[in-house]
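Residues per chain, in single letters:
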Protein chains: 2
Amino acid sequence: MDEFARIAEFFAPLAGEAGLGLRDDAAVLTPPPGRQLVLTVDQMLEGVHFLPGDDPALIARKLLRRNLSDLAAMGAVPFGYLLTTALPPSLPEGWLASFAAGLGRDQRQFEISLLGGDSSSSRTDIALTATLLGHAAPGQALRRNGAKAGDEIWVTGTIGDAVLGLEARRGLRADPTGFLTRRSLLPDPRVGLSLAGIVNAAVDVSDGLVQDLGHICQESGLSAVVQADLVPASPEAAAQGPDILALRLTGGDDYELVLAVPPEKSEALRVACAGVNVTKIGMFKAGRGVELYGANNALLNFAASGWKHF
Amino acid sequence: MDEFARIAEFFAPLAGEAGLGLRDDAAVLTPPPGRQLVLTVDQMLEGVHFLPGDDPALIARKLLRRNLSDLAAMGAVPFGYLLTTALPPSLPEGWLASFAAGLGRDQRQFEISLLGGDSSSSRTDIALTATLLGHAAPGQALRRNGAKAGDEIWVTGTIGDAVLGLEARRGLRADPTGFLTRRSLLPDPRVGLSLAGIVNAAVDVSDGLVQDLGHICQESGLSAVVQADLVPASPEAAAQGPDILALRLTGGDDYELVLAVPPEKSEALRVACAGVNVTKIGMFKAGRGVELYGANNALLNFAASGWKHF
């Protein structure tokens with residue numbers, strides 16, 4: 001099947017109106033009136049972000065969800081995406097059909113459509129990128145640089161499941177319910193929360209809580225004081241025993257949000273996040289860097305602050 | 001040098017205002033008022049679109065220019081781009097500095113800026129993508145489906161240089177002036193021409209003249225009749241001898257424009273393209289497919305209609 005047949009069979013059915021059926025040189029769209037555009041791009045690479053035998057539908061959905069999480073961290077409403085695929089000649093039979101089915105499933109769930117793309121061969125590894133478009137009210141996008149001293153630090157969901165799930169997938173730890181594995185393979189981006197006017201700064205946990213919280217500190221010129229025992233763990237993570245705190249706080253791929261919230265807005269935050277658990281884990285103060293305190297108020301010090309891609 | 005240091009040193013200096021210094025989760029931009037957005041994405045892969053030892057600055061510039069050509073084919077004005085890089089651990093010293101310098105040079109030439117991106121490691125090959133954003137007046141973007149029977153077929157520049165240059169780079173043919181090689185490495189996207197109201201349909205020559213012209217035929221429900229001897233050759237291509245016609249007409253990577261122009265608009269086309277040579281090569285008529293005629297009016301038939309990426 002050649003490039004054009006592949007596009008017609010697998011990708012054209014995913015195209016929204018602005019994608020022009022994927023039959024032109026580019027997409028044409030009318031921006032939502034009175035809104036700003038929010039744009040982000042992320043890639044998924046074989047051997048780096050996924051393993052060669054992973055389910056193509058889950059790879060597709062995680063590709064979209066990692067980008068959707070970036071839009072969530074900006075408080076933006078997603079509406080479409082562009083996609084590139086670089087696929088080796090040895091691609092397993094059925095891979096593309098499964099990959100496209102995964103895209104279609106999450107398109108429906110998150111109400112986005114395919115706007116355009118490019119497909120090519122690669123020599124050996126699969127390489128995928130998605131550019132996500134969203135919109136936000138003018139001046140309302142959530143930045144990393146808006147935190148104020150005295151703001152509380154809140155996180156959505158539970159922290160550390162994904163890195164434990166990655167270890168489970170590598171056979172390094174038990175995951176009897178499959179919950180941790182699922183959290184590693186299929187994150188839940190926190191799109192759809194109405195955080196504008198409540199949250200002063202936000203970031204998503206992609207590289208690890210400590211490192212990503214550090215981005216807010218750096219951009220806002222503040223220090224973050226975190227009570228490590230307040231950082232929410234799922235029951236499945238807690239069941240792994242007491243020695244995983246450093247791993248949970250520095251492991252990446254959770255795609256939860258870290259939020260800077262003025263104390264008087266904490267109730268509004270709970271209302272805005274109805275259906276998504278939110279937990280206060282600390283506070284911003286003058287200074288720099290992230291300080292982590294244990295249950296006995298001892299300062300904790302981890303060797304690595306999070307994932308870096310070299 | 002880790003990911004954040006690389007971004008700060010090489011990419012942050014390329015960021016436009018909407019890129020927020022590449023220090024947030026996404027870019028935020030206000031669309032040009034009253035304009036539609038035009039978006040396209042293309043990739044450059046080591047071993048597929050460039051050779052391992054190629055000049056990183058030229059790779060960067062061709063990555064931008066392939067995308068700029070797609071915007072030109074839509075009649076759009078480019079204004080920014082997002083970039084992903086997947087780079088192996090074995091990247092040569094100085095590669096990124098040269099790559100970023102190439103981006104910067106073409107940013108200035110084409111008046112675009114970097115809006116965002118993602119950088120990652122790869123296992124072996126370099127993989128690069130750029131998502132280009134442009135804008136056009138509402139309803140004025142040039143489509144492939146607008147050609148009318150009786151429209152003339154015009155092309156910009158010269159056709160077939162890039163495939164000859166590729167062969168020269170592979171040692172298969174002489175290129176004493178280096179012109180053909182340069183056309184292969186560094187195309188000139190035809191942005192900045194005011195074609196709205198003159199041109200009924202457009203496409204850029206990326207996969208080969210016959211194949212790309214065939215896209216207009218298919219989308220417009222027409223046939224194209226081309227006088228092959230009218231298809232303009234550069235002096236350097238003509239010097240390669242008479243046996244290269246099929247190669248020139250089916251080789252890709254020229255990034256010239258193929259235009260459907262009503263006969264009464266041909267003078268307006270020349271004015272709009274001042275500084276860029278345009279040549280009439282045939283006409284659209286009822287029917288389907290591309291018909292090529294030689295100097296003696298014999299129907300030509302080529303084995304391959306153009307590049308396909310498998």
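Nothing here was measured: the structure is a model prediction, and the numbers come from that model.

Regarding the overall build of chain A
Broken down by element type, chain A carries nine helices and twelve strands. Expected size for 310 residues packed as a compact globule is a radius of gyration near 19 Å; at 20 Å, chain A falls within 12% of this value. In chain A, buried positions account for 58% of the 310 residues. For chain A, restricting intrachain contacts to residue pairs at least 6 apart in sequence, the fraction spanning at least 24 positions comes to 84%. In the structure as shown, chain A presents an accessible area of about 11,800 Å², 53% of it carried by carbon and sulfur atoms. Side chains of chain A carry 26 positive and 35 negative charges; the gap between the two charge centres is 4 Å.

Considering the environment of L115 of chain A
Residue and element names in this part refer to chain A. Relative to the assigned elements, L115 resides in strand 4 (residues 113–121). The spatial distance from the C-alpha of L115 to the C-alpha of G19 is 3.9 Å, given a sequence separation of 96 residues. Not counting chain neighbours up to four residues away, the residues in contact with L115 comprise A18, G19, L22, A27, L29, G80, Y81, L82 and L133.

Some thoughts on the packing of helix 2 (residues 56–73) of chain A against helix 3 (residues 95–110) of chain A
Residues and elements named next belong to chain A. Running from N to C, helix 2 and helix 3 point in directions that differ by 40°, and their axes come no closer than 6 Å. Viewed along their axes, helix 2 and helix 3 adopt a mutual orientation that is oblique. Crossing of helix 2 against helix 3: the hand is right-handed. Of helix 3, the residues touching helix 2 (which contributes P56, A57, I59, A60, R61, L64, R65 and L68) are W95, S98, F99, G102, L103, R105, D106, Q109 and F110. Of the residues assigned to the contact of helix 2 with helix 3, the class counts are ten nonpolar, three polar and four charged.

Describing the pattern of salt bridges
Tallying each qualifying case throughout the model produces 34 salt bridges over all chains. As a salt-bridge pair, R23 of chain B and E219 of chain A come within 3.0 Å of each other at their nearest N and O atoms. In this pair, R23 of chain B is assigned in the loop between helix 1 (3–11) and strand 1 (27–29) and E219 of chain A in helix 6 (residues 209–220), connecting two distinct chains. Look at R23 of chain B and you get partly exposed, because its relative accessible area is 45%. Accessibility expressed as a relative area gives 23% for E219 of chain A, which makes it partly exposed. A cluster of three or more residues bridged by salt bridges with shared partners is formed by R61, R65, D106, R182 and D188 of chain A.

As for the packing of aromatic side chains
Working definition: an aromatic ring pair is given by the centre-to-centre distance plus the angle between the planes. Residues and elements named next belong to chain A. For the structure shown, the criterion picks out two aromatic pairs over all chains. Measuring from ring centre to ring centre gives 5.0 Å for W95 and F99, while their planes differ by 20°; the resulting arrangement is stacked. Taken as a pair, W95 and F99 lie in helix 3 at a separation of four residues, close to a single helical turn. Residue class for W95 comes out buried when judged on its relative accessible area of 5%. The buried category is assigned to F99, whose relative accessible area is 0%.

Looking at the side chain of R61 of chain A
Within the fold, R61 of chain A resides in helix 2. Discounting residues that sit within four places of it in the chain, R61 of chain A has contacts with G102, R105, D106, Q109 and L186 of chain A.

Let's talk about the domain arrangement of chain A
All names here are of chain A. Looking at the assigned domains, one finds that chain A contains domain 1 (3–136) and domain 2 (152–300). One C-alpha centre belongs to domain 1, the other to domain 2; they are set 27 Å apart. Taken together, the contacts link 14 residues of domain 1 with 15 residues of domain 2. Each partner contributes to the roughly 1,400 Å² buried at the junction of domain 1 and domain 2, and carbon and sulfur atoms together form 62% of this total.

Considering the interface of chain A and chain B
Counting from both sides, the interface comprises 64 residues of chain A and, opposite them, 65 residues of chain B. Summed over both partners, the interface of chain A with chain B comes to about 5,500 Å²; 53% of that surface belongs to carbon and sulfur atoms. In this assembly, chain A and chain B are joined by eight salt bridges. On inspection of chain A and its partner chain B, the count reaches 25 residue pairs in polar contact (both at pLDDT 80 or more).

Some remarks on the pairing of strand 9 (residues 257–261) of chain B
All names here are of chain B. Strand 9 sits mainly inside the fold: five of its five residues count as buried. The two faces of strand 9 match: L257, L259 and V261 on one face and V258 and A260 on the other face are all buried. Two strands pair when backbone bridges link them, and strand 6 (residues 152–156) and strand 9 are joined in this way by four bridges, in the antiparallel orientation. What sits directly across from E152, in strand 9, is V261. Both strand 7 (residues 201–204) and strand 9 contribute to a ladder of four bridges, which runs antiparallel. Its bridge partner lying in strand 9, V203 is registered against V258.

Some thoughts on the confidence of the model for chain A
Summary statistics for chain A give a mean pLDDT of 93 and a share of 97% for residues scoring 70 or more. Confidence metrics for the complex model read pTM 0.93 and ipTM 0.92.

Examining the sheet that holds strand 8 (residues 222–227) of chain B
Backbone hydrogen bonds hold the strands of a sheet together, and the pairing may be parallel or antiparallel. Residue and element names in this part refer to chain B. Pairing within the open sheet is mixed, and its seven strands lie in the order 7-9-6-10-8-11-12. Looking at strand neighbours, the two that pair on one side only are strand 7 and strand 12 (299–300), the edges of this open sheet. Relative to strand 7, helix 2 (residues 56–73) is tilted by about 170°, and along the sheet it contacts strand 7 and strand 9.

Side note on the pairing of strand 4 (residues 113–121) of chain B
Residues and elements named next belong to chain B. For strand 4, a buried count of eight out of nine residues is recorded, marking the element as mostly surrounded by other parts of the structure. Sheet analysis places strand 3 (residues 77–87) next to strand 4, joined by eight bridges and oriented parallel. Bridging from a neighbouring strand, T85 pairs with S119 of strand 4. Between strand 3 and its parallel partner strand 4, the chain crosses via helix 3 (residues 95–110), and the hand of that crossover is right-handed.

Notes on the relation of the copies chain A and chain B
Under the fitted operation, chain A is carried onto chain B by 0.0 Å of movement along the axis and a turn of 180°, and the coordinates agree to an RMSD of 0.0 Å. The operation mapping one copy onto its partner corresponds to a two-fold rotation axis. Comparing contact sets, 100% of the residues at the interface of chain A also lie at the interface in chain B, consistent with an isologous, same-surface contact.

Quick notes on the environment of N296 of chain B
Residues and elements named next belong to chain B. Among the structural elements, N296 can be located in the loop between strand 11 (289–293) and strand 12. Overall, the relative accessible area of 63% leaves N296 in the exposed class. Distance in space between the C-alpha atoms of N296 and A202 is 28 Å, their sequence separation being 94 residues. Separated by 3.1 Å, the side chain of N296 and the backbone nitrogen of A298 make a polar contact.

Observations regarding the sheet that holds strand 2 (residues 36–45) of chain B
Here we have five strands laid out as an open sheet, ordered 1(A)-2(B)-5(B)-3(B)-4(B), and mixed in their pairing. Strand pairing shows two members of the sheet lacking a second neighbour, strand 1 (27–29) of chain A together with strand 4 of chain B, which therefore form its edges. Each neighbouring strand pair of the sheet contributes to a mean axis angle of 15°, computed without reference to strand direction. Strand contacts of helix 2 of chain B: strand 2, strand 3 and strand 5 (127–136) of chain B, with the helix running at about 145° to strand 2 of chain B, the strand carrying the most contacts.

Analysis parameters
Residues numbered from 1 in each chain as written. Chains lettered and ligands numbered in written order. Predicted model: local features only at pLDDT ≥ 70, side-chain atom pairs only at ≥ 80, totals over all residues. Heavy atoms only, no water. Helix = DSSP H or I, 4+ residues; strand = E, 2+ residues; numbered from the N terminus. Rg over C-alpha atoms; globule rule 2.2 N^0.38 Å. Buried < 20%, exposed > 50% of the residue type's maximum accessible area, 1.4 Å probe, protein only. Contact = heavy atoms within 4.5 Å. Areas by Shrake-Rupley, 256 points an atom, 1.4 Å probe, with all protein chains shown as cover. Lys, Arg positive; Asp, Glu negative; His and termini not counted. Charge placed at Lys NZ, Arg CZ, Asp CG, Glu CD. Axes fitted to C-alpha atoms, helices over the stretch in contact; angles between N-to-C directions. Parallel < 35°, antiparallel > 145°, perpendicular 65-115°, else oblique. Left-handed = near helix turned anticlockwise from the far one by under 90°. Nonpolar A, V, L, I, M, F, W, Y, C, P; charged D, E, K, R; others polar. Salt bridge = Lys/Arg side-chain N within 4 Å of Asp/Glu carboxyl O. Phe/Tyr/Trp six-rings, centres within 6.5 Å; stacked < 30°, edge-to-face > 60°. Domains from an automatic or database assignment. Buried area = accessible area lost by both parts, 1.4 Å probe. Polar contact = N/O pair within 3.5 Å; in protein donor to acceptor, adjacent residues only side chain to side chain. Pairing = 2+ DSSP bridges. pLDDT = per-residue confidence, 0-100. Right-handed = clockwise from strand over helix to strand, strands pointing away. Least-squares fit on C-alpha atoms with pLDDT ≥ 70 in both.

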